[in-house]
Amino acid sequence: MFNRFDYRCITAGIVRRSYLCGMQQKVRVRFAPSPTGGLHLGGVRTVLYNYLYARKNGGDFVLRIEDTDQSRFVEGAEEYISDCLSWCGLLPDESPSVGGQFAPYRQSERKSLYRQYAEQLVHQGHAYYAFDTPTELDEMRNRFRTEENPSPQYDRKIRKSMRNSLTISENETIALLANGTPYVIRIKVPEGEEVSFIDLIRGEVSFSTDTVDDKVLLKADGMPTYHLAVVVDDRLMEITHAFRGEEWLPSAPVHILLWKYLGWEMEMPKWAHLPLILKPDGHGKLSKRDGDRLGFPVFAMNWKDPKSGELTKGFRELGFLPEAFINMLAMLGWNDGSGQEIFTLEELIQKFELDRVHKGGAKFDYEKAKWFNQEWIKRSTAERLLPEVRRALHDAGIFAEEIKIKTVINLIKERCVLIPDFVEQGSFFFRPPETWDISAIAGKWNPSKKELFEDYMTRLIEAEWTASNLEQIFKSMAAERMIKAGELMLPLRIILVGGKFGPPVFEIAEILDRDETLARMGKAMKAWTIDS
Ligand code: GLU
């Protein structure tokens, strides 16, 4: 927990570090999620771009948990976020679990720290106490609601008719504070000013303060709101760059004003507001509901809502490799201009440039996401794929030796798009097919073919067990009997595999080994009836 001692260290830190002004500052970026549920792929892309920037510039990547809105807090969400980062290999240098010199990294544990800044703003005239009750706020909304303004905000005009330290006398304010009347502290947004900043992706962005409402900074329970906490912590944690989703752009003027009013010497973090990830048809932001509706994942990993028990599938569990997931996300809004699409994390670190991040939203395309996975599966060694494939086989009740799994991986990886495909395409290597799809040979299974297969089985008892030898014997037997080998291969495949799929059939036999091949053939010979 945060204590007085830490607090002194932090304030001392500010003083000490402010001497460093003017010197080249170490790059420090942060991902600052609120623990409210599963991690959307847009969130992981935000992590990725922060991470790439930090690594490229020899900086630090901080994970800060913004959990000051207790009403939106969801049990397990923080752990889930950390697990997602670990799965993706985007490990923070500082976080609630790894600690760091600016700990604590959970805002709820820093609660005692924010009030002084809110009060400083009140004393400077940039913020005020507001004593309005929830009923008074409702009345205000009803009173000022018009067709053009369906949800009136507490702003420069409305504040004048509300119960706050700007409209009541100082003595009354002191009395209300003294008798414990609940209050919030609101920023006093100035009238008629222009606030602007240089966004690293969009260039100059400006806002008129007349469109900005008097946001609450400190809530009645003493917790800061996101707006105050994000600014204070970016300062205290010496954040130099902040990349966040475009949906935070409207909050920028409030943050700029706060930074200015708090009078810090340190420059504000440089911001980049990342473009939205759009629905596949390009209309609007991609949401979890779109994933449910169109049948693809939107969360990085499975997320189970602790209240409803609803399970939302994630990319990981559907069989994506983290390398592919990261690669796909990097390309959703960025490219290096060369046409290259497959990048390792190391390459991304080298090549990532913010000025190549697009301003416009990026359409999500699930088929393209699968293509990235397929490419990554093809390029990965059996050793690399082993943990994922072994887990998928276990889930299907298949327990096999590592060496055999690796052989199978090498044989079928070209045919696999998602990890579960290894089970679908490869389970017959580990257990006999439960059914035979004999439709493809219907009407073609006759006594001479059956006899050939039985003779072939006899030859196999002693044959050298290599795919090429098995093939050679098979083909010469077919030639002797004037049967086209092609006509015999399909039944052999169906016997061994169960259907019309899989790698070359003699390679399958080689891996299955002599006993298993003979057992499968024997079973089929007994079961298959001759077509009339
Ligand atoms: N806590 C905010 C969120 O949940 C972070 C926004 C920011 O990065 O400033 O996304």
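What you see is a predicted model; the values in this text were computed from it and never measured.

### Remarks on the overall build of the protein chain
- Tallying secondary structure elements over the protein chain gives 21 helices and 13 strands in all.
- For the protein chain, the C-alpha radius of gyration of 32 Å lies well beyond 24 Å, the compact-globule estimate for 532 residues.
- In terms of overall dimensions, the protein chain has C-alpha extents of about 110 × 50 × 40 Å along its principal axes.
- Relative to its full complement of 532 residues, the protein chain shows a buried share of 52%.
- For the protein chain, the share of sequence-separated contacts (at least 6 apart) that also reach a separation of at least 24 residues comes to 74%.
- Carbon together with sulfur atoms contributes 50% to the accessible area of the protein chain, which is approximately 25,200 Å² in total.
- The positive charge centre, built from 71 side chains, and the negative charge centre, built from 78, are 1 Å apart in the protein chain.

### So, the site of the ligand
- Every residue close to the ligand is listed here: Arg30, Ala32, Pro33, Ser34, Glu66, Tyr226, Val230, Arg244 and Trp248.
- Within the side chain of Tyr226, a nitrogen or oxygen atom sits 2.7 Å from an oxygen atom of the ligand.
- In isolation the ligand exposes 300 Å². Once the protein is present, 85% of that is buried.
- Residue composition of the shell around the ligand, grouped by class: 5 nonpolar, 1 polar and 3 charged.

### Considering a negative patch on the surface
- Side chains of Glu507, Glu510, Asp513 and Asp515 sit close together on the surface and give a patch of like negative charge.
- Here Glu507 lies in helix α20 (residues 505–512).
- Judged by its relative accessible area of 32%, Glu507 is partly exposed.

### Quick look at the sheet that holds strand β7 (residues 216–218)
- Spatial ordering of the open sheet is given by β3-β4-β7, a layout of 3 strands whose pairing is antiparallel. Looking at the sheet topology across the chains shown, the edges are occupied by β3 (127–130) and β7. Taking each pair of neighbouring strands and ignoring which way they run, the sheet shows an average axis angle of 40 degrees.
- Pairing of β3 with strand β4 (residues 184–187) involves 4 bridges; the strand directions are antiparallel. In the strand pairing of β4, Tyr129 is matched with Ile185.
- Docked against the sheet, helix α4 (residues 111–124) engages β3, β4 and β7, running at close to 105 degrees with respect to β3.

### Notes on the pattern of salt bridges
- Enumeration according to the criterion identifies 42 salt bridges in this entry.
- Notably, a salt bridge pairs Asp210 with Arg156, separated by 3.4 Å at the nearest N-O pair. Here the residue Asp210 occupies a position in the loop between β6 (203–208) and β7, and Arg156 occupies one in the loop between α5 (134–144) and α6 (170–178), the gap between them amounting to 54 residues.
- Given a relative accessible area of 30%, Asp210 falls into the partly exposed group.
- Classification of Arg156 as buried rests on a relative accessible area of 12%.
- What emerges from the salt-bridge pattern is a single network uniting Lys26, Arg28, Asp60 and Glu94.

### Section: the nonpolar core
- Ranked by internal contacts, the top residues of the largest apolar core, which has 117 residues, are Phe325, Phe364, Phe453 and Tyr456.
- When residues of this core are assigned to their parent elements, the largest contribution, 9 residues, is made by helix α2 (residues 41–56).
- Phe453 has contacts with Trp445, Phe474, Leu488, Pro491, Leu492, Ile495, Met521 and Met525, leaving out every residue within four places of it along the chain.
- Residues Val122, Val195, Leu236 and Leu262 belong to the second largest nonpolar core, which totals 42 residues.

### Quick word on unusual backbone geometry
- Cis geometry is adopted by the peptide bond preceding Pro104, which originates at Ala103 and carries an omega value of 0 degrees.
- Position of Pro104 among the secondary structure elements: in the loop between α3 (77–88) and α4.
- Unlike most non-glycine residues, Met482 shows phi in positive territory, near 55 degrees.
- With a phi close to 85 degrees, Asp513 is a non-glycine residue in the positive phi region.
- Assignment of secondary structure puts Asp513 in the loop between α20 and α21 (514–527).

### Some words on the packing of aromatic side chains
- In the structure shown here, the tally under the stated rule is 30 aromatic pairs.
- With a centroid separation of 4.9 Å and 75 degrees between ring planes, the pair formed by Phe315 and Phe320 is classed as edge-to-face. Of the two residues, Phe315 and Phe320, both sit in the buried class.
- Ring geometry for Phe315 versus Phe325: centroids 4.7 Å apart, planes at 35 degrees, classification tilted. Here Phe325 lies in helix α11 (residues 322–331) and Phe315 lies in helix α10 (residues 315–318), a separation of 10 residues in the sequence. Comparing Phe315 with Phe325, the two get one shared label, buried.
- Taken together through their ring pairs, the aromatic side chains of Trp87, Phe296, Phe315, Phe320, Phe325, Phe364 and Tyr366 make up a single cluster.
- Here the basic side chain of Arg244 rests over the ring of Trp271, its NZ or CZ set 4.5 Å away from the ring centre.

### Brief notes about helix α15 (residues 402–412)
- Along α15, the residues classified as buried are Ile405, Val408, Ile409, Leu411 and Ile412. When α15 is viewed along its axis, its buried side chains cluster within an angular range of 165 degrees and face the same direction.
- Here the buried face of α15 lies against α14 (382–395), α16 (420–426) and α20.

### Thoughts on helix α18 (residues 467–480)
- Between the first and last C-alpha of α18 there are 20 Å, a value that for 14 residues agrees with the 20 Å anticipated at 1.5 Å per step.
- For α18, the complete set of buried residues consists of Ala467, Asn469, Leu470, Ile473, Phe474, Met477 and Ala478.
- In this fold, the buried residues of α18 make contact with α17 (447–460), α19 (485–497) and α20.
- Where α18 ends, the next residue or the one after it, Met482, has phi of about 55 degrees, a positive value.

### Some thoughts on the side chain of Ser251
- Within the secondary structure layout, Ser251 lies in the loop between β8 (241–245) and α8 (252–261).
- Among residues more than four places away in sequence, those in contact with Ser251 are Tyr226 and His227.

Calculation rules
Residues numbered from 1 in each chain as written. Predicted model: local features only at pLDDT ≥ 70, side-chain atom pairs only at ≥ 80, totals over all residues. Heavy atoms only, no water. Helix = DSSP H or I, 4+ residues; strand = E, 2+ residues; numbered from the N terminus. Rg over C-alpha atoms; globule rule 2.2 N^0.38 Å. Buried < 20%, exposed > 50% of the residue type's maximum accessible area, 1.4 Å probe, protein only. Contact = heavy atoms within 4.5 Å. Areas by Shrake-Rupley, 256 points an atom, 1.4 Å probe, with all protein chains shown as cover. Lys, Arg positive; Asp, Glu negative; His and termini not counted. Charge placed at Lys NZ, Arg CZ, Asp CG, Glu CD. Near = heavy atom within 4 Å. Polar contact = N/O pair within 3.5 Å; in protein donor to acceptor, adjacent residues only side chain to side chain. Nonpolar A, V, L, I, M, F, W, Y, C, P; charged D, E, K, R; others polar. Patch = residues over 30% accessible without salt bridge, like charges linked within 9 Å, V, L, I, M, F, W, Y side chains within 5 Å. Salt bridge = Lys/Arg side-chain N within 4 Å of Asp/Glu carboxyl O. Pairing = 2+ DSSP bridges. Axes fitted to C-alpha atoms, helices over the stretch in contact; angles between N-to-C directions. Core = buried A, V, L, I, M, F, W, Y, C linked by side-chain atoms within 4.5 Å. Phe/Tyr/Trp six-rings, centres within 6.5 Å; stacked < 30°, edge-to-face > 60°. Lys NZ or Arg CZ within 6 Å of the ring centre and 35° of its normal. Arc of directions from axis to C-beta. Expected span 1.5 Å × (residues − 1).

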